[in-house]
Amino acid sequence: MFWCEWAWLDGAPRAGVLVDVDGPLIRDVTTVDTPPAGARRLPGLSLPGLANGHSHAFHRALRGRTGGRGTFWTWRETMYAVADRLDPESYRRLAAAVYAEMVLAGITSVGEFHYLHHPSGGRYDDPTAMGAALVAAAEDAGIRLTLLDTCYLSAGFGAPAEGVQRRFADADADSWAHRLEEFTVDSQRVRLGAAVHSVRAVPAEQVPVVAEWSRRAGAPLHVHLSEQRKENEACLAAHGCTPAQLLESLGALGPGTTAVHATHLDERDIAVLGGSGTGVCLCPTTEADLGDGIGPASALAAAGSPLSVGSDGHSVLDVLGEAQAVEAGQRLRAENRGHFTTNAQLAMATAHRGLGWNAGRIAPGCRADLVSVALDGPRLAGVPMAAVPVHARADDVRHVVADGEHVVRNGAHERFPDAAQRLGAVIEELHGT
Ligand SMILES: [Zn+2]
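Definitions and limits used
- Residues numbered from 1 in each chain as written.
- Predicted model: local features only at pLDDT ≥ 70, side-chain atom pairs only at ≥ 80, totals over all residues.
- Heavy atoms only, no water.
- Helix = DSSP H or I, 4+ residues; strand = E, 2+ residues; numbered from the N terminus.
- Rg over C-alpha atoms; globule rule 2.2 N^0.38 Å.
- Buried < 20%, exposed > 50% of the residue type's maximum accessible area, 1.4 Å probe, protein only.
- Contact = heavy atoms within 4.5 Å.
- Lys, Arg positive; Asp, Glu negative; His and termini not counted.
- Charge placed at Lys NZ, Arg CZ, Asp CG, Glu CD.
- Axes fitted to C-alpha atoms, helices over the stretch in contact; angles between N-to-C directions.
- Left-handed = near helix turned anticlockwise from the far one by under 90°.
- Nonpolar A, V, L, I, M, F, W, Y, C, P; charged D, E, K, R; others polar.
- Right-handed = clockwise from strand over helix to strand, strands pointing away.
- Domains from an automatic or database assignment.
- Buried area = accessible area lost by both parts, 1.4 Å probe.
- Core = buried A, V, L, I, M, F, W, Y, C linked by side-chain atoms within 4.5 Å.
- Phe/Tyr/Trp six-rings, centres within 6.5 Å; stacked < 30°, edge-to-face > 60°.
- Lys NZ or Arg CZ within 6 Å of the ring centre and 35° of its normal.

Q: Explain the overall build of the protein residue by residue, including any values.
A: For the protein, the helix and strand inventory stands at 14 helices and 18 strands. A compact globule built from 433 residues would reach a C-alpha radius of gyration of about 22 Å, and the protein, at 21 Å, matches this within 12%. With the principal axes as the frame, the protein shows a C-alpha extent of 65 × 50 × 45 Å. Taken across its 433 residues, the protein has 59% of its residues classed as buried. Considering only intrachain contacts with a sequence separation of at least 6, the fraction spanning at least 24 residues in the protein is 74%. Separation of charge centres in the protein, based on 37 positive and 51 negative side chains, amounts to 3 Å.

Q: Give me the lowdown on the packing of helix α2 (residues 88–104) against helix α14 (residues 419–431), citing residues and values where you can.
A: Contact geometry for α2 and α14: axes closest at 9 Å, N-to-C directions at 140°. In this structure, α2 meets α14 at a crossing whose hand is left-handed. Between α2 and α14, the residues in contact are S90, R93, L94, A97, V98, A100, E101 and L104 and A419, R422, L423, V426, I427, E429 and L430, respectively. Looking at the contact of α2 with α14 residue by residue, the classes come out as 10 nonpolar, 1 polar and 4 charged.

Q: Got a sec to walk through the pairing of strand β7 (residues 144–151)? Specific residues and values, please.
A: Along β7, 8 of the 8 residues are buried, which leaves the element largely enclosed by surrounding structure. Here β7 shows no split at all, with R144, T146, L148 and T150 on one side and L145, L147, D149 and C151 on the other all buried. You can see the chain leave strand β6 (residues 107–114), run along helix α3 (residues 129–141) and come back into β7, and the turn it takes is right-handed.

Q: Go over the domain arrangement of the protein, please, and point to the residues and values.
A: Frequently, the measure chosen for interface size is the accessible area removed from exposure when the parts meet. According to the domain assignment, the protein contains domain 1 (2–48 + 361–413) and domain 2 (50–355). Put simply, the middle of domain 1 and the middle of domain 2, counted by C-alpha atoms, are 29 Å apart. Counting residues at the interface gives 26 residues for domain 1, matched by 23 residues for domain 2. Overall, the association of domain 1 and domain 2 removes approximately 2,000 Å² of surface from exposure, summing both partners, and the carbon and sulfur fraction of that is 58%. The largest per-residue losses of area from domain 1 upon contact with domain 2 belong to V390, A394 and H413, which jointly make up 25% of the total buried on that side.

Q: Lay out the environment of D312 in plain terms, naming residues and giving numbers.
A: Within the element layout of this structure, D312 appears in the loop between β14 (307–309) and α12 (319–334). Residue D312 is classed as buried on the basis of its relative accessible area, which comes to 4%. Each C-alpha atom of the pair D312 and H261 lies 9.7 Å from the other, and the pair is 51 residues apart in sequence. Ignoring anything within four residues of it in the chain, the contact list for D312 reads H54, S55, H56, H59, H261, C283 and T286.

Q: Go over the nonpolar core, please, and point to the residues and values.
A: If you look at the biggest cluster of nonpolar residues, it comprises 119 residues, and the most contacted ones within it are F58, L86, L94, Y99 and L145. For this core, the leading source of residues is α2, giving 10 residues. Each of domain 1 (2–48 + 361–413) and domain 2 (50–355) accounts for three or more of the residues forming this core. Apart from residues no more than four positions distant in its own chain, F58 is found in contact with M79, V82, A83, L86, Y91, L94, Y115 and L116. Counting residues in each nonpolar core, the second largest holds 14 residues, with A7, V17, V19 and L370 among its members.

Q: Describe the packing of aromatic side chains, listing the residues and the values that go with them.
A: Evaluated as defined, the whole model comprises 8 aromatic pairs. With a centroid separation of 6.1 Å and an interplanar angle of 80°, the aromatic rings of F58 and Y115 are classed as edge-to-face. With F58 in the loop between β5 (50–55) and α1 (72–85) and Y115 in the loop between β6 and α3, this residue pair connects regions lying 57 residues apart in the sequence. Of the two residues examined, F58 and Y115, each falls in the buried class. Between the aromatic rings of Y152 and F168, the centroid separation amounts to 5.1 Å while the plane-to-plane angle is 80°, which identifies the pairing as edge-to-face. Of this pair, Y152 sits in the loop between β7 and β8 (154–156) while F168 sits in helix α4 (residues 165–168), and the two are 16 residues apart along the sequence. Site record: aromatic cluster; members linked through ring pairs are F58, Y80, Y115, Y152 and F168. The ring of W357 is capped by R144, whose NZ or CZ atom sits 5.5 Å from the centre of that ring.

Set out below in structure tokens:
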């Protein structure tokens, strides 16, 4: 049992909340003034577990190392150089340390958009070796993982994969599906999902194979969508329509699909995404870092798309901050305030549905996640309790319970008290510095 000094229940802060946990699930939630004997006390305000809807764990190795200049396309060259150096052993160590950083930030589920499948110029004996490294990393760090095994086939609209991209590429979508069939996951913390890297990297005639696999498996399907204008222009030239409209015509949209970024959309794209109930995962700190642009988040929500957020390239790893940045971006775009309420922002930061988990609420039957935010620091001094979720940041997180396990205590990761040193060491090793 965990007793929360305050907890976010049914859309509002409540004092003295007792959460009774049965294995990885919440059994019961009641309010009592004082902690009963045997209950662990969580100070501050406990929020539901946070969800990181879009991650490429290895991009964390680029933080501070890309010079802050150029474009998305020049940044991608640096990213490819890091991708080229990873093997299953270093991938596991890097991902475990990155996932530990996520857990310390209150993240209890991560959607890993994984496309680093093969060694340079060949195949691993076990074709799932790199995915298995991520599964082991998630187990190490105590985070739930939705492994979005990504279909990546071409350099762009049919052009063959080049250079490092060959590490990402399968022969076709059937070969991609074959690898997933080989993957056996024996963990309550891990589930498989599918991803289409983008309409650039998966030829149109191959997309339905991936969509069909995800439908048959009841697994989430994610896809990078319209992050860059150049992708829209190339799609228009190749298919005479936008990426969103192409995906719709291929049967790849719907409530089981999450479109990542959705930055450069026209009115019809917004109607197609919202009308089909397709989720949209916004990654505003990465989109700012890469100079992508600001997407139409308010219009997408109004059209019917559930919103989530992701830290993507991890230039910042702060899911509460991502949701706050979505609101900030809409204010900058519209030149007015108040696009998303506190609960709407918290819903983005706790959107586990698109990753296939019943989590994100402190309620019976949900995964037993609690993220306690300290209220005694200068940032939150004088902030009304009801406004804490839209002002708290990752470094205010003090305790994290994930699947009933108290994995962060007093700001330290229980399994990796040396999380920062581990992360620094593996990144320096990868860069040779
Ligand atoms: Zn991405």
